[in-house]
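A closer look at the structure
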Amino acid sequence: MNILINTKDLIESIPSDVTLVAVSKTKSVEEITQSYEAGQRIFGENKIQEMAQKWESLPKDIAWHMIGHVQTNKVKYMAHFIDLIHGVDSSKLLKEIQKQALKHNRIIRCLIQIRIAEEESKFGLPQDQLTELLEDTKTLTNVEIVGLMGMASFTENINQITEEFKSLQHLFDKTKQTFKNLEILSMGMSGDYHIAIQCGSNMIRVGSKIFGARNY
Ligand SMILES: *Cc1c(COP(=O)(O)O)cnc(C)c1O
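Residues numbered from 1 in each chain as written. Predicted model: local features only at pLDDT ≥ 70, side-chain atom pairs only at ≥ 80, totals over all residues. Heavy atoms only, no water.

1. Remarks on the overall build of the protein chain
- Counting its regular elements, the protein chain contains eight helices and eight strands.
- Against the compact-globule benchmark of 17 Å for 216 residues, the protein chain has a radius of gyration of 17 Å, which places it among compact chains.
- The principal-axis extent of the C-alpha atoms belonging to the protein chain is close to 45 × 45 × 30 Å.
- Counting the 216 residues in the protein chain, one finds 51% classified as buried.
- A fraction of 58% describes how many contacts in the protein chain between residues 6 or more apart in sequence connect residues 24 or more apart. (Helix = DSSP H or I, 4+ residues; strand = E, 2+ residues; numbered from the N terminus. Rg over C-alpha atoms; globule rule 2.2 N^0.38 Å. Buried < 20%, exposed > 50% of the residue type's maximum accessible area, 1.4 Å probe, protein only. Contact = heavy atoms within 4.5 Å.)

2. Describing the nonpolar core
- Core analysis: the biggest nonpolar cluster contains 60 residues, and I85 and I112 have the highest contact counts within it.
- In terms of residue count, helix α6 (residues 158-176) provides more of this core than any other element does, five residues in total.
- With residues near it in sequence (within four places) discarded, I112 still touches H86, V88, L94, L125, L130, L133, L134, I145, G147, L148 and M149.
- Among the nonpolar cores identified, the runner-up in size contains nine residues, and V21, A63, M149 and M203 belong to it. (Core = buried A, V, L, I, M, F, W, Y, C linked by side-chain atoms within 4.5 Å.)

3. A word on the site of the ligand
- Every residue close to the ligand is listed here: V23, K25, I67, M149, M151, M189, S190, R205, V206, G207, S208 and R214.
- Interatomic distance of 2.8 Å between a backbone N/O atom of G207 and an oxygen atom of the ligand.
- If the ligand stood free it would expose 390 Å²; the protein chains cover 89% of that surface.
- Here the residues of the shell around the ligand sort into six nonpolar, three polar and three charged. (Near = heavy atom within 4 Å. Polar contact = N/O pair within 3.5 Å; in protein donor to acceptor, adjacent residues only side chain to side chain. Areas by Shrake-Rupley, 256 points an atom, 1.4 Å probe, with all protein chains shown as cover. Nonpolar A, V, L, I, M, F, W, Y, C, P; charged D, E, K, R; others polar.)

4. A word on the pattern of salt bridges
- In this structure the tally under the stated criterion is seven salt bridges.
- Its salt-bridge partner being D61, residue R41 comes within 3.2 Å of it at the nearest N-O pair. One end of the pair, R41, is in the loop between α2 (29-37) and β2 (42-45); the other, D61, is in the loop between α3 (48-57) and β3 (63-66), and 20 residues separate them in sequence.
- Residues K99 and E96 are paired through a salt bridge, measuring 3.9 Å at the closest nitrogen-oxygen approach. With K99 and E96 both in helix α4 (residues 91-103), this residue pair falls three residues apart, about one helical turn. (Salt bridge = Lys/Arg side-chain N within 4 Å of Asp/Glu carboxyl O.)

5. Observations regarding the side chain of T137
- Within the fold, T137 resides in the loop between α5 (130-136) and β6 (143-149).
- Residue class for T137 comes out buried when judged on its relative accessible area of 8%.
- Ignoring anything within four residues of it in the chain, the contact list for T137 reads L94 and I145.

6. Brief notes about unusual backbone geometry
- With a phi angle near 70°, T26 is a residue other than glycine that sits in the positive phi range.
- Relative to the assigned elements, T26 resides in the loop between β1 (19-23) and α2.
- Residue classification places T26 among the partly exposed residues on the basis of a relative accessible area of 35%.
- Unusually for a residue other than glycine, N105 sits at a positive phi of about 55°.
- Of note, N105 is situated in the loop between α4 and β5 (108-113).

Pasting the structure below:
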């Protein structure tokens, strides 16, 4: 595993209008530093406390993205530094983010996670509830909803993955006409980011292709 070369190769191989989030969950500060030295400045984590520790140890020009499920009572541990929260799926959570953002006099950017996978998944908002959630949260002064995020089913079936990504692309294009702040479409991981980009993704979240497999 050469993390520096993997990072460079990936950055060079994707279109310039697609943003790479290097998913560094479970990986060490030393490993993240190798990717940083290749020029990478956006890292994604799925545990808030782990991310906060890494934020403290690493250069402050890194933008940290929370890509996992967020528990309401943990928002306070990242509100002072988080750049983008990908996994927002309820107005209850948005209200807590608003409260914590206000405390730090910041505006926190969020993506709404939409449930697109056919397989059973606990997380993500059903597609037909998006407009209502966006209307509900228009009044939140310290939260900015800048896009949507989705995860396809864990399957080898390329047609199914494509259909799931396309359904989110369709929802994104449609909703953007009314909610002009939506500009980020976060979809695609190591196994499916090629498909995701073809389906309009402009932000991919790639972990194992850069850092190697994770041992939990
Ligand atoms: C872990 C994770 C990724 C990265 O997965 P890889 O297959 O290692 O690229 C992307 N998105 C989310 C939400 C994740 O939890």
